[in-house]
Each structure stands twice: as structure tokens, then as C-alpha cells.
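Structural overview for review
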Amino acid sequence: MRYSALQILKQGLTGNRRWERAWRKPDPKPSYDIIIIGGGGHGLATAYYLAAVHGQSNVAVLERGYFGGGNVGRNTTIVRANYGLPGNSEFYSHSLKLWEGLEQELNFNVMHSQRGVINLFHSDGQRDAAARRGNAMINQGDDAILLDRGDCRQMLPYLDFDQTRFPIYGGLYHPRGGTARHDAVAWGFARGADQRGVDLIDNCEVTGIDIQNGHVTGVQTTRGAIRAKKIGIVVAGNSSRVAAMAGMRLPIESHVLQAFVTEGLKPVIDHVVTYGMGHFYISQSDKGGLVFGGDLDFYPSYASRGNLPMVEHVMEAGMTLMPMLGKARLLRSWGGIMDMSPDGSPIIDRTGIRGLYLNCGWCYGGFKAVPGSGNCFAHLMATDRPHDAAARYKLSRFETGFGLMDEEGTGAQHNLH
Ligand SMILES: Cc1cc2nc3c(=O)[nH]c(=O)nc-3n(C[C@H](O)[C@H](O)[C@H](O)COP(=O)(O)OP(=O)(O)OC[C@H]3O[C@@H](n4cnc5c(N)ncnc54)[C@H](O)[C@@H]3O)c2cc1C
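Residues numbered from 1 in each chain as written. Predicted model: local features only at pLDDT ≥ 70, side-chain atom pairs only at ≥ 80, totals over all residues.

Defined as follows: UniProt positions are given in the numbering used here, feature names are shortened, and annotations may be inferred rather than shown by experiment.
Labelled according to an unreviewed UniProt entry, the chain appears under the name Sarcosine oxidase subunit beta, originating from Aliiruegeria lutimaris. UniProt lists a comment for the chain under the heading Sequence similarities (unreviewed entry), and it reads "Belongs to the SoxB family."

Laid out in C-alpha cells, this is it:
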């Protein structure tokens, strides 16, 4: 079924009883050409591009829970391409371009809203760093505007410009950045993959990876054994656990990241605003909730919920930047598991086991990467060659030290900065 305004009218006039399921619910087949482990944003996008771009439809996505129940449905929905280092810069630029055509490509409203991202800075040194990053973004073909304090006051009048702890000097404005409805992205890719013949299998946890003579042959799951010629591990915060099934030890630590949303309010914040010095960022959802978050809970965990010290820290930072926040009532908070890599940059690569591929290390920024990651990982799995935009995301950089991309300049333990 093609979604359109006419379809909405037609269904509305006939009592909304003829909408079709967005995707089938198949049982697993005994074997596939390709198995993707993990039905989050990256896994579903990979399956979609495998089918749509590379004509590979004998593909299954195995998800232990329900599709979109992981981080893809838990993030704060920010989409941007404001990275500064070679490697990341071209990848996120590629991903943002895919975002810009995604709704037409998927025939699905993912509510992509390019409302602009503003990263505030609070010292001369930070202004220099922001200017450098902005120039790198412009060199990459993306957009960046350096705002001074007066510009910020005009665009963000609700911030506290009198606070002296971290006075606002200005901001780096990325107009093409913004937000998207996170679970719609998972649903859109799921529907697109299913329409092209991919089997989406939920409630199917992978419990083992079968390897013979250095080559993958299939997986063990809670719904039985399934054979496959190629397998992609795309399980975000569970990457270390699943890779361990193939005898691999990854340079990944899993940490909780929390987020918060207030009751719905009238439109008040029309950009995404980040306050790096305080570890705080905020935007407003289309339903009116103020959506905000801060930093990681600083201990490794596989539990999708956080602890109170970080709640206090985020609220303090929010109140410092934007005292009006204290008037809003908090509706919900939640957590997701981040796959933190040592240099804060991801891995899209083959492994030492033939037919086994790895996609992980997205830290707290993998939502905006969903189309780019799926596109590049599908390219790698289908052709056995890295996509140009993701050529630097090699696993070996953590072994050799060559090609590390320390985007935030936080050193070897990005998770503890
Ligand atoms: C609070 C929060 C805020 C965030 N904010 C942003 C943001 O604003 N912008 C941004 O770009 N990024 C953000 N992120 C990060 C982003 O959400 C993640 O990097 C990204 O979603 C991870 O990729 P994914 O969607 O594939 O992960 P997931 O949705 O977690 O998918 C992985 C899937 O693998 C499944 N799985 C695990 N083990 C197995 C197994 N053994 N067998 C089968 N299936 C398995 C899981 O159930 C899960 O569904 C945020 C994350 C959180 C938690």
C-alpha cells in the first residue's frame, strides 16, 4: 500500500478498517544469504539498503525484542552533520544527505525537521574551536554559521545571559541540523525492507554464532538454528556480548545514557540547543514536550535505566542555562545502552572471521547515522569493500593506533571524559 493524502482520505471515508499491516510477521526460514542481528535503526536500514540498492532480498533481520524497542526508540532524535575530523566529517555529511531524501525514498513520514542545531560556546578558546569546526563543515559542503552573543540573544531569548559560571559567548549554528521522529525511522525502514522481501523476525534472540574453518555458517537463536552465508552484528549496546559469541573481544564499553521529557507546552524552543560546558542539550518535540538530556551514567551497565546522580546533574545544568525550565513538569525519563568506543567514533568493518561483519561504536550519536550507517554497511556486506564515506571506520585502528578519530579530543577513554 502506498501512503498518500488520497489514501488517508480514502481510509478515513471507509472507517479506517482497510489499512494493511506495515510489515509481515514471517517465521524464520532454515537459511538465508544474509542475517542481520539486531532490529534497531542501523540493522533495519542495513537490510533496507541491501535489498533496495544491492538487490539482496534473501535477508533476515533477527531482533530479540520488538522492532524499534532499543536505542532507536529511546534517543533524543537529533540529526546533524557538524563533525570536524576527516573520517567523521564525510560520513555524517553522507548520512545527512540521505536524511534529506528519506521520506520520499521510504514513502513514510519520519517527521524530519531541519530546525537548526546551535552549539553554545563559553570562552575565547571554545570560539576558536567552534570556528575551526565550522570551517571544516563548510569545506565538507555542509553549512555552519558562527553566532556572536548578540545573535544568540536574539535567536534564543529564553537563555540566561546573566549567569556567570559559563557566560554565553556565542554559538555554532548548523541550519540543516534538526530532529526526526525516532521510532518512525525504524518503522519506515522496516516497512521498506519488508516490501523488498526481507524477513523481519522479532522475539528471536541470537544465542550463538556458528563458525566452521574460520567462516560463519549460521546462528543459534531462541527460535532455532538458522544458516547464513554472511552475518552482520548490529546490536549497539549489546555489541560486546554478541561478538563474544564469535570469540571476539571488542574495544567497546556499554554505558547508560538517560533522557527526559516534560509535559506538552506551547511552542517555545524552535532549535536544538546544546550546552557542552554544563552537559545539557534540549529541543521541543512536535507534541510540545521539552526533550532534554546530558551525559552518560559513568559506570558500565547493560540495564536500560539510569541513576539519580545524573538526573540531578542534568536538572542543575538545565536550570543554569534556562531557568524557565523549572516551571515545566517532568513527564518521563528513560535510558538506553550506548556502545562507547575509545575514540568516540564508530566501527563499520569486516572481522577476522570470514562472512562476519561488525557495525558498532556509535556512542551517544548513532541516531543521525542511521541512514548513512545502513547504506555503508549494506555496501560493505554486499561487495566486501568499504563504502568511501565509511572507509576510516576500521576495527584495526584500536589495535594499531593508526587512524584513531578522537572527535571530542577526550583521549583514550571517551566514556570517562
Ligand atoms: C537517551 C538517548 C539519547 C540519544 N540521543 C541521540 C541523539 O539525539 N542523536 C543521535 O544521533 N543519537 C542519539 N542517541 C544514540 C542512538 O540512539 C544510538 O546510537 C543508535 O540508536 C544505536 O543504533 P540502533 O538504533 O541500531 O540501536 P538499537 O535500537 O539499540 O538496536 C539494537 C538492537 O539489537 C537487539 N539485540 C541485542 N542483542 C541481540 C541478540 N542477541 N539477538 C537479537 N537482537 C539483539 C536489541 O534488542 C536492539 O533492538 C541517543 C541514545 C539514547 C539512549
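Looking at the overall build of the chain
Quick reminder of the rule: For helices the rule is a DSSP run of H or I covering at least 4 residues; for strands it is a run of E covering at least 2, with both sets numbered from the N terminus onward. For this measure, only C-alpha atoms enter the radius of gyration; the expected value for a globule follows 2.2 Å times N^0.38, where N is the number of residues. The burial label depends on the number of other C-beta atoms within 10 Å of a residue's C-beta. Counts of 20 or more mean buried, 12 or fewer mean exposed, and intermediate counts mean partly exposed, with C-beta atoms placed from the backbone. It is the C-beta atoms, placed from the backbone, that decide contacts: two residues are in contact if theirs lie within 7 Å.
Along the chain, the regular secondary structure elements total 10 helices and 18 strands. Taking 417 residues into account, the globule formula puts the C-alpha radius of gyration at 22 Å, and the chain, at 21 Å, falls close to it. Along the first, second and third principal axes, the C-alpha atoms of the chain reach 65 × 65 × 40 Å. Here the chain, with 417 residues, has 49% of them falling under the buried criterion. Partitioning the intrachain contacts of the chain with sequence separation of at least 6 by distance along the chain shows that 74% fall at a separation of at least 24.

Observations regarding the sheet that holds strand E13 (residues 272-275)
We count it as follows: A strand pair is defined by DSSP finding two or more bridges across the two strands. Each axis is a line fitted through C-alpha atoms, taken for helices only over the stretch in contact, and angles between the N-to-C directions span 0 to 180 degrees.
Here 8 strands make up an open sheet; going across it, the order is E5-E6-E4-E13-E14-E15-E12-E16 and the pairing mixed. Strand pairing shows two members of the sheet lacking a second neighbour, strand E5 (145-148) and strand E16 (330-340), which therefore form its edges. Each strand of the sheet is rotated relative to its neighbour by a mean of 25°, with strand direction disregarded. For strand E14 (residues 280-284) and strand E15 (residues 289-300), the ladder comprises 4 bridges, and the chain directions are antiparallel. Paired with Gln284 across the strands is Leu290, a residue of E15. Across the face of the sheet, helix H8 (residues 308-321) comes into contact with strand E12 (253-264), E13, E14, E15 and E16 while running at roughly 135° to E15.

Comments concerning the environment of Thr77
Its place among the elements puts Thr77 in the loop between strand E2 (59-62) and strand E3 (78-79). For Thr77 and Thr164, which are 87 residues apart along the polypeptide, the C-alpha to C-alpha distance reads 30 Å. Excluding its chain neighbours within four sequence positions, the residues that come into contact with Thr77 are Thr179, Ala180, Arg181, His182, Val291 and Phe367.

Structural notes on the UniProt feature "domain: Rhodanese" (unreviewed entry) in the chain
Per the UniProt entry, the sites bearing "domain: Rhodanese" (unreviewed entry) are residues 34-78 in this numbering. The distance from the first to the last C-alpha atom of residues 34-78 is 30 Å, and the span holds 31% helix and 20% strand.

Things to note about the site of the ligand
Selection criterion: In this text, near has one meaning. A residue is near a molecule or strand if its C-beta atom, placed using the backbone, is within 6 Å of it. Ten residues, namely Ala, Val, Leu, Ile, Met, Phe, Trp, Tyr, Cys and Pro, are considered nonpolar, four, namely Asp, Glu, Lys and Arg, are considered charged, and the remaining ones, Gly among them, are considered polar. Either an automatic procedure or a domain database provided the assignment from which the domain bounds are taken.
Lining the immediate environment of the ligand, one finds 38 residues, of which Gly38, Gly40, Gly70, Gly336 and Gly366 sit closest. For the shell around the ligand, the secondary structure elements donating two or more residues are helix H2 (41-54) and E12. Across the shell around the ligand, the residue classes tally to 14 nonpolar, 19 polar and 5 charged. Counting only domains with at least three residues in the shell around the ligand, you end up with domain 1 (22-77 + 183-251 + 343-416) and domain 2 (113-177 + 253-340).

Some details on the packing of H2 against helix H9 (residues 370-383)
So the rule is basically this: Any angle between 65 and 115 degrees counts as roughly perpendicular, while under 35 counts as roughly parallel, over 145 as roughly antiparallel, and the rest as oblique. Two helices that cross are described as forming a left-handed crossing if the nearer one is turned anticlockwise from the farther one by less than a right angle, and a right-handed crossing if clockwise.
One can describe the packing of H2 onto H9 by two numbers: an axis separation of 7 Å at closest approach and a directional angle of 55°. For the element pair H2 / H9, the angle class is oblique. The handedness of the crossing between H2 and H9 comes out as right-handed. Every residue of H9 that contacts H2 at Gly41, His42, Ala45, Thr46, Tyr48, Tyr49, Leu50, Val53 and His54 is listed here: Val370, Pro371, Ser373, Gly374, Asn375, Phe377, Ala378, Met381 and Ala382. Looking at the contact of H2 with H9 residue by residue, the classes come out as 11 nonpolar, 7 polar and no charged.

Here's the deal with the pairing of strand E1 (residues 31-37)
To be explicit about the condition: By convention a crossover is right-handed if, when the strands point away from the viewer, the path from the first strand over the helix to the second runs clockwise.
Counting buried positions along E1 yields 5 of 7 residues, so the element is predominantly enclosed. As paired strands, E1 and strand E11 (residues 224-233) are joined by 6 bridges and run parallel to one another. The partner of Ile37 across the bridge, within E11, is Ile233. Note that E1 and E2 share 4 bridges and pair parallel. The partner of Ile37 across the bridge, within E2, is Leu62. Taken together, E1, H2 and E2 form a β-α-β motif whose crossover is right-handed.

A few points about the pairing of E14
The buried fraction of E14 amounts to 5 of the 5 residues, a majority that puts the element mostly inside the structure. Side chains Phe280, Ile282 and Gln284 project from E14 onto one buried face, and the interleaved Tyr281 and Ser283 project onto a second face that is buried too. The pairing of E13 with E14 spans 3 bridges and is classified as antiparallel. Residue pairing for E14: Thr274 is matched across the bridge by Tyr281. In this structure, the hairpin formed by E13 and E14 is closed by a connection of 4 residues, where His279 is found at a positive phi of approximately 60°.

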